[in-house]
Amino acid sequence: MKKIYCLIITIVTLVSLQAQNLATIDYNRWHYGAFVGMNMMDFGIKAIPNSEFRPEIRTFTPGFSVGLIGEMRLNNYFNLRLAPAFHMGQYNVSFDTQKGSQNYKNIPSQIMRIPLYIRYSAVRIENYKPYILAGGGIDLEWNIDKDPENPILFKKTDYFTEFGVGCTFYTEYLRFSLEAKYSIGFNNKFVPFEKRLGTPHEPLTSDIDNINRAAQCQSIESLRARVFTFVFNINI
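Residues numbered from 1 in each chain as written. Predicted model: local features only at pLDDT ≥ 70, side-chain atom pairs only at ≥ 80, totals over all residues. Heavy atoms only, no water.

Remarks on the confidence of the model for the chain
Stage number 1. Taken over all residues, the pLDDT of the chain has a mean of 84, while the share at 70 or more is 82%.
Stage number 2. In the model of the chain, helix α1 (residues 2–16) stands out as the element of lowest mean pLDDT, 55, in contrast to strand β4 (residues 78–82), which has the highest, 98.
Stage number 3. Within the model, the stretch residues 198–208 combines pLDDT values under 50 with 9 contacts to residues more than four positions away or in other chains. (pLDDT = per-residue confidence, 0-100. Helix = DSSP H or I, 4+ residues; strand = E, 2+ residues; numbered from the N terminus. Contact = heavy atoms within 4.5 Å.)

As for the environment of Asn 143
Stage number 1. Its place among the elements puts Asn 143 in the loop between β7 (128–141) and β8 (157–170).
Stage number 2. Spatially, the C-alpha atoms of Asn 143 and Gln 110 are 5.4 Å apart, while their sequence positions differ by 33 residues.
Stage number 3. Residues within four places of Asn 143 in sequence aside, it is in contact with Pro 108, Ser 109, Gln 110 and Phe 154.

A short note on unusual backbone geometry
Stage number 1. With a phi close to 45°, Leu 22 is a non-glycine residue in the positive phi region.
Stage number 2. Secondary-structure assignment places Leu 22 in the loop between α1 and β1 (30–47).
Stage number 3. A relative accessible area of 25% places Leu 22 in the partly exposed class.
Stage number 4. Residue Glu 126 is not a glycine yet carries a positive backbone phi of 55°.
Stage number 5. The class for Glu 126 is partly exposed, based on a relative accessible area of 48%. (Buried < 20%, exposed > 50% of the residue type's maximum accessible area, 1.4 Å probe, protein only.)

Considerations on the packing of aromatic side chains
Stage number 1. Scanning the entire structure with this criterion turns up 10 aromatic pairs.
Stage number 2. Ring geometry for Tyr 128 against Phe 169: centres 5.4 Å apart, planes inclined by 80°, an arrangement best described as edge-to-face. Residue Tyr 128 is found in strand β7, and its partner Phe 169 is found in strand β8; the two are separated by 41 residues along the sequence.
Stage number 3. Ring geometry for Phe 169 versus Phe 176: centroids 5.3 Å apart, planes at 25°, classification stacked. Across the pair, Phe 176 and Phe 169 agree in class, each one buried.
Stage number 4. In this structure an aromatic cluster arises from ring pairing among Tyr 128, Phe 169, Phe 176 and Phe 232. (Phe/Tyr/Trp six-rings, centres within 6.5 Å; stacked < 30°, edge-to-face > 60°.)

Structural notes on the environment of Leu 140
Stage number 1. On the secondary structure map, Leu 140 appears in strand β7.
Stage number 2. Look at Leu 140 and you get partly exposed, because its relative accessible area is 25%.
Stage number 3. It is 8.9 Å that separates the C-alpha atoms of Leu 140 and Tyr 159, two residues lying 19 residues apart in sequence.
Stage number 4. Setting aside its immediate chain neighbours within four residues, Leu 140 contacts Gln 110, Ile 111, Met 112, Lys 156 and Thr 157.

So, the nonpolar core
Soluble globular proteins: nonpolar side chains tend toward being buried together.
Stage number 1. By size, the foremost hydrophobic cluster in this structure holds 20 residues, and its most contacted members are Phe 43, Tyr 91, Val 93 and Ile 152.
Stage number 2. At the level of secondary structure, the elements contributing two or more residues to this core comprise β1, β2 (53–59), β5 (85–97), β6 (102–121), α2 (207–217) and β10 (220–235).
Stage number 3. The element contributing the most residues to this core is β10, with 4 residues.
Stage number 4. Val 93 has contacts with Pro 55, Glu 56, Ile 57, Asn 103, Tyr 104, Lys 105, Ile 107 and Ile 152, leaving out every residue within four places of it along the chain.
Stage number 5. Counting residues in hydrophobic clusters, the runner-up holds 8 residues, among them Phe 35, Ile 69, Tyr 131 and Val 231. (Core = buried A, V, L, I, M, F, W, Y, C linked by side-chain atoms within 4.5 Å.)

Written as structure tokens, this is what we have:
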């Protein structure tokens, strides 16, 4: 990770030492590109009061994000951006008991995200142009886990709003951006325990496992997804 930061600082320094690059590229009607980056997945958890378990997100595991960019110039300051993406990550959920014991569950997630943004750019200064963006879209969960021993199962579809900041850097042959975004889901992604009973599955290891899983499921009222992403965009 330190090597990546050093590379970014070196590129930014080299860009700042050059004369203005790609002076007219921002006036093109259409722009296309791609991005890669990392994500951190979180939940806004609403627990059921007085339940045996207390579900919490205590740790975060970096995930991987990749996507495409299609952008239409509206005027000198505003662009309309479509940026379908695929995010792979996981939620680290701790189920604490009143006796102080903890039971960790790592819940993988694979999201196909289709967002639409409005991007506002500041006036370009030499080879820099900061911007902000806001929008929203739909999430499609690919990892529909039906494992009966998993206390958390996801619904297929969610809707979200997202906000972000970034800065575009211009080199002699292309432009790239560093961008950070934060999204908040609207829907409750959690599938209640009662709605899983009709799904055929293999017997659990023991009755104790079955009881614990049911209690963990029944300690959750709702889960609303929150995702932080940091990406490296390249576009023309």
